[in-house]
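An overview of the molecular structure
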Amino acid sequence: MAATGEEAAAMDSISRVSLAHPTVLSLGGSSEPRGEPGETTSEGQEVVPAAPKKPINSSDGGVETAEEAVEPAEPDINELCTDMFDKMAVFLQGELTGTCEDYHLLENMNKLTSLKYMEMKDISINITRNLQDLNHKYASLQPYLDQINQIEEQVSSLEQAAYKLDTYSKKLEAKFKKLEKR
């Protein structure tokens, strides 16, 4: 059954669109590489000549003839694999180098932190030693401090006695003046 009318026009427009093999598509907007057949493009693609198109005869009554599909030559797989492995090796080498540098940085930071803690340990040992020396000195001064406390208590009791004696002497003087006036 032959297509007629709009269906035939749609099929005709579809068949005229050249389909490129996915390996020869380029980002530049053109679907085919440019250059002489047998050459290689900047993307590493081999230039393949387009298949000659047969002119469409309108005398066929809207029936089109099939064209033979020509598959473009594939680039050398070994080259592509070698290139991919080289690039992957460079990538992995960069990743490993970065990781090694991170570990070296951590190692240096750990060494510095360890040194800081050693310094802090030495400082705390010195503080502990000085505190023990102060405690020994305080213990050796304790008898003298006890004597000072006893002397202070005796001085305060003597002071109280002196105040009492002073008030008593004032009373006695007042009585003596009274007796003298009589």
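Quick notes on the rules
Residues numbered from 1 in each chain as written. Predicted model: local features only at pLDDT ≥ 70, side-chain atom pairs only at ≥ 80, totals over all residues. Heavy atoms only, no water. Helix = DSSP H or I, 4+ residues; strand = E, 2+ residues; numbered from the N terminus. Buried < 20%, exposed > 50% of the residue type's maximum accessible area, 1.4 Å probe, protein only. Contact = heavy atoms within 4.5 Å. Areas by Shrake-Rupley, 256 points an atom, 1.4 Å probe, with all protein chains shown as cover. Patch = residues over 30% accessible without salt bridge, like charges linked within 9 Å, V, L, I, M, F, W, Y side chains within 5 Å. Salt bridge = Lys/Arg side-chain N within 4 Å of Asp/Glu carboxyl O. Lys, Arg positive; Asp, Glu negative; His and termini not counted. Charge placed at Lys NZ, Arg CZ, Asp CG, Glu CD. pLDDT = per-residue confidence, 0-100. Expected span 1.5 Å × (residues − 1). Bend = angle between axes of the 7 residues up to and from the residue.

Let's talk about the overall build of the protein
Check the secondary structure of the protein and you find two helices and zero strands. Residues counted as buried form 4% of the 182 residues belonging to the protein. Long-range pairs, those at least 24 residues apart, make up 30% of the contacts in the protein with a sequence separation of at least 6. Accessible surface computed for the protein: about 16600 Å², of which carbon and sulfur atoms make up 60%.

Looking at a positive patch on the surface
A surface patch of positive charge is lined by Lys171, Lys175, Lys178 and Arg182. Relative to the helices and strands, lysine 171 resides in helix H2 (residues 77-181).

Some points on the pattern of salt bridges
Taken as a whole and judged by the stated rule, the model has four salt bridges. Between lysine 111 and glutamate 107 there is a salt bridge, with its nearest N and O atoms 3.7 Å apart. Taken together, the residues span about one helical turn, with lysine 111 and glutamate 107 both in helix H2 at a distance of four residues.

Some remarks on a nonpolar patch on the surface
There is a patch of nonpolar side chains on the surface, built from Tyr138, Leu141, Tyr144, Leu145 and Ile148 and spanning about 530 Å² of accessible area. Within the fold, isoleucine 148 resides in helix H2.

Details of the confidence of the model for the protein
Looking at the protein as a whole, its pLDDT mean stands at 78, while 63% of the residues score no less than 70. Low confidence marks residues 17-33, where pLDDT is under 50. Its contacts with residues over four positions away, or in another chain, come to 20 contacts.

A short note on H2
The terminal C-alpha atoms of H2, which comprises 105 residues, lie 145 Å apart, in line with the 156 Å expected from a rise of 1.5 Å per residue. Bending of H2 peaks at approximately 40° at the position of glutamine 142, with proline proline 143 no more than four residues after it.

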